[in-house]
Amino acid sequence: MSNQEKQVMGDYDISIIRPQMRGEDVGLRGHGMSAERLKAIKKGLLALHTLELMASNIYKFQIGREPNELNRQLIAAMCNEMTHYQDFQVKLYEYGFRPGVLRWAYWIVGFVFGFGSRLLGTKAILKTGIWVETKAVHHYAQLLSSVEWDEDTRKIIEKDQADEYGHINRWKNLLQSIQAEVKP
Ligand SMILES: [Fe+2]
Ligand SMILES: [Fe+2]
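In this text, all values refer to a predicted model and were calculated from it rather than measured experimentally. (Residues numbered from 1 in each chain as written. Chains lettered and ligands numbered in written order. Predicted model: local features only at pLDDT ≥ 70, side-chain atom pairs only at ≥ 80, totals over all residues. Heavy atoms only, no water.)

## Overview of the coordination of the iron ion (ligand 1)
Quick note on the threshold: In this description, a donor is an N, O or S atom within 2.8 Å of the metal centre, a cutoff extended to 3.2 Å for sodium, potassium and calcium. Water is not part of the atom list, which can make sites seem incomplete. Going along the chain from the N terminus, every DSSP run of H or I of four or more residues is numbered as a helix, and every run of E of two or more is numbered as a strand. Accessibility here uses a 1.4 Å probe with only protein chains present; expressed as a share of the type maximum, an area under 20% marks a residue as buried, one over 50% as exposed, and anything in between as partly exposed.
Coordination of the iron ion (ligand 1) by the protein involves Glu52 (OE), Glu52 (OE), Glu81 (OE), His84 (ND1) and Glu164 (OE), with metal-donor separations of 1.9 to 2.6 Å. All donors to the iron ion (ligand 1) come from one chain, and their sequence spacing reads E-x28-E-x2-H-x79-E. Separation of the iron ion (ligand 1) from the iron ion (ligand 2) amounts to 3.8 Å, with Glu81 serving as a shared donor to the pair. Taken together, the residues span a long stretch of sequence, with Glu52 in helix α1 (residues 35-62) and His84 in helix α2 (residues 69-94) at a distance of 32 residues. Summarising the burial analysis for this pair, Glu52 and His84 share the class buried.

## Side note on the nonpolar core
Heads up, the condition is: Definition used in this section: a nonpolar core is a set of buried Ala, Val, Leu, Ile, Met, Phe, Trp, Tyr and Cys residues joined via side-chain atoms within 4.5 Å. The contact criterion used is simple: two residues touch if any of their non-hydrogen atoms lie within 4.5 Å.
Counting 14 residues, the largest nonpolar core has Ile41, Leu45, Trp149 and Ile157 as its most contacted members. Breaking this core down by element, the ones donating at least two residues are α1, α2 and α4 (122-146). If near-sequence neighbours (up to four positions away) are discounted, Leu45 is found in contact with Phe88, Lys91, Leu92, Tyr95, Phe97, Trp149 and Thr153. The next biggest cluster of nonpolar side chains, apart from the first, holds 12 residues, and it includes Tyr59, Met78, Ile125 and Ile130.

## What about the coordination of the iron ion (ligand 2)?
Six octahedral donors around a metal ideally sit at 90 or 180 degrees from one another, while four tetrahedral donors ideally sit at 109.5 degrees. Protein coordination of the iron ion (ligand 2) is provided by Glu81 (OE), Glu133 (OE), Glu133 (OE), Glu164 (OE) and His167 (ND1), with donor distances spanning 1.9 to 2.5 Å. Along the chain, the residues donating to the iron ion (ligand 2) fall in the pattern E-x51-E-x30-E-x2-H.

## Looking at the side chain of Thr50
For Thr50, the location among the structural elements is in helix α1. Taking relative accessible area as the criterion, Thr50 reaches 12% and is therefore assigned buried.

## Brief notes about the side chain of Glu133
Put simply, the test is: Neither His nor the chain ends is counted toward charge; the positive residues are Lys and Arg and the negative residues Asp and Glu. In the sections that follow, a salt bridge refers to a side-chain nitrogen of Lys or Arg positioned within 4 Å of a carboxyl oxygen of Asp or Glu. For this analysis, a polar contact is any N or O atom pair within 3.5 Å, provided that within protein one partner can donate a hydrogen and the other can accept it, and provided that sequence-adjacent residues contribute only side-chain to side-chain pairs.
When you line up the elements, Glu133 lands in helix α4. The charged side chain of Glu133 is buried without a salt bridge, its nearest counter-charge being Arg170 at 8.1 Å. At 3.0 Å, the side chain of Glu133 forms a polar contact with the side chain of His167. With sequence-adjacent residues up to four places away left out, Glu133 is seen in contact with Tyr59, Glu81, Glu164, His167, Ile168 and Trp171.

## Let's talk about the environment of Thr122
Here Thr122 lies in helix α4. Separated by 113 residues in the primary sequence, Thr122 and Met9 have C-alpha atoms spaced 26 Å apart. Once residues within four sequence positions are removed from consideration, Thr122 is found in contact with Leu70 and Ile178.

## As for the packing of helix α3 (residues 104-120) against α4
Axis angle and axis distance: for two packed helices, these are the angle between their axes and the distance between the axes, and together they describe the pair. For the record, the criterion: Orientation is described by axes fitted as lines to C-alpha atoms, over the contacting stretch for helices, and by angles from 0 to 180 degrees between their N-to-C directions. The nonpolar class holds Ala, Val, Leu, Ile, Met, Phe, Trp, Tyr, Cys and Pro. Asp, Glu, Lys and Arg form the charged class, and all remaining residues, Gly among them, are polar.
Interhelical geometry of α3 versus α4 gives an angle of 145 degrees and a closest axis separation of 7 Å. Residues Phe113, Ser117, Arg118 and Leu120 of α3 form the contact with α4, whose participating residues are Ala124, Ile125, Thr128 and Trp131. By residue class, the composition of the contact of α3 with α4 is 5 nonpolar, 2 polar and 1 charged.

## Quick word on the packing of aromatic side chains
Cut-off, in case you're wondering: Geometry of aromatic contacts follows a simple scheme: Phe, Tyr and Trp rings, the Trp one being its six-membered ring, pair when their centres are within 6.5 Å, and the pair is stacked under 30 degrees between planes, edge-to-face over 60, tilted otherwise.
With the rule as written, the count across this model stands at 8 aromatic pairs. Consider the rings of Phe61 and Phe111, whose centres lie 4.8 Å apart with planes at 85 degrees: the pair is edge-to-face. Of the two residues, Phe61 sits in helix α1 while Phe111 sits in helix α3, which places them 50 residues apart along the sequence. Considering the side-chain rings of Trp107 and Phe111, the 6.2 Å spacing of their centres and the 15 degrees angle between planes classify their relative orientation as stacked. Taken together, the positions of Trp107 and Phe111, both in helix α3 and 4 residues apart, correspond to about one turn of that helix. Assessed through its relative accessible area of 35%, Trp107 is described here as partly exposed.

## Observations concerning the pattern of salt bridges
Counted under the stated rule, the structure contains 7 salt bridges. Arg37 is the salt-bridge partner of Glu148, the closest N and O atoms lying 3.6 Å from each other. With Glu148 in the loop between α4 and α5 (151-182) and Arg37 in helix α1, this residue pair connects regions lying 111 residues apart in the sequence. The class for Glu148 is exposed, based on a relative accessible area of 53%. For Arg37, a relative accessible area of 21% puts it in the partly exposed group. Across the pair Lys91 and Glu94 runs a salt bridge whose closest N-O atoms are separated by 2.9 Å. You can see Lys91 and its partner Glu94 sitting in helix α2, 3 residues apart, about one turn around the helix.

Given below as C-alpha cells:
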C-alpha cells in the first residue's frame, strides 16, 4: 500500500493523522446543558486527554535511531497521538474545563511503557502498542455509548477511535511480518 493511499475505517480516513482545523472550528460549548450531562462530558474529556498524553509518550520513547520502517511508523503514530491530545485539550477549554493536574503521572507511565518496551526490542514494542491500543478502543467505545456528547465532539472521538483501530492493525501486521521472517 502506498503512503498516499486513503485508508478508511468506518466513516473516517485514518491516513489523515492530523486533520485540518480552522479558527472558526473552535467553539464555546456546554451552554444550556444540564449539570449532569456536563459532569459526564468533563469526566470523559479528562480521561481521554490523560490517556492520549500517555499514548503519545509511549510512541515517543519507542522511536529508535535507525532509519527503518518501524521507526517511521512510530513517528507517524506519535504525531497522531499528539493530535488526539490536542483535540481533547481544545475540547476541555471550549467547555470551560481545565486539564487534570495529575496527568504528569500518565506522562511517566507512558515513558515507562515506551522506553521499557524499546529496551526489550521490536516484538515488545509492537505487543505493547497492540495491548495499549486495544484498551484504548474499549475505553473509547464505553465513553461513546455512555456520554451524551455534542455532535462535533462525538465526531472527533469517533475519528480518534478509528485511528486507534488503525494503530492496532498496523502493529499486528508488522508483528506478523516479523514472525514470518523468523520462521524457516
Ligand atoms: Fe490516541
Ligand atoms: Fe493510538
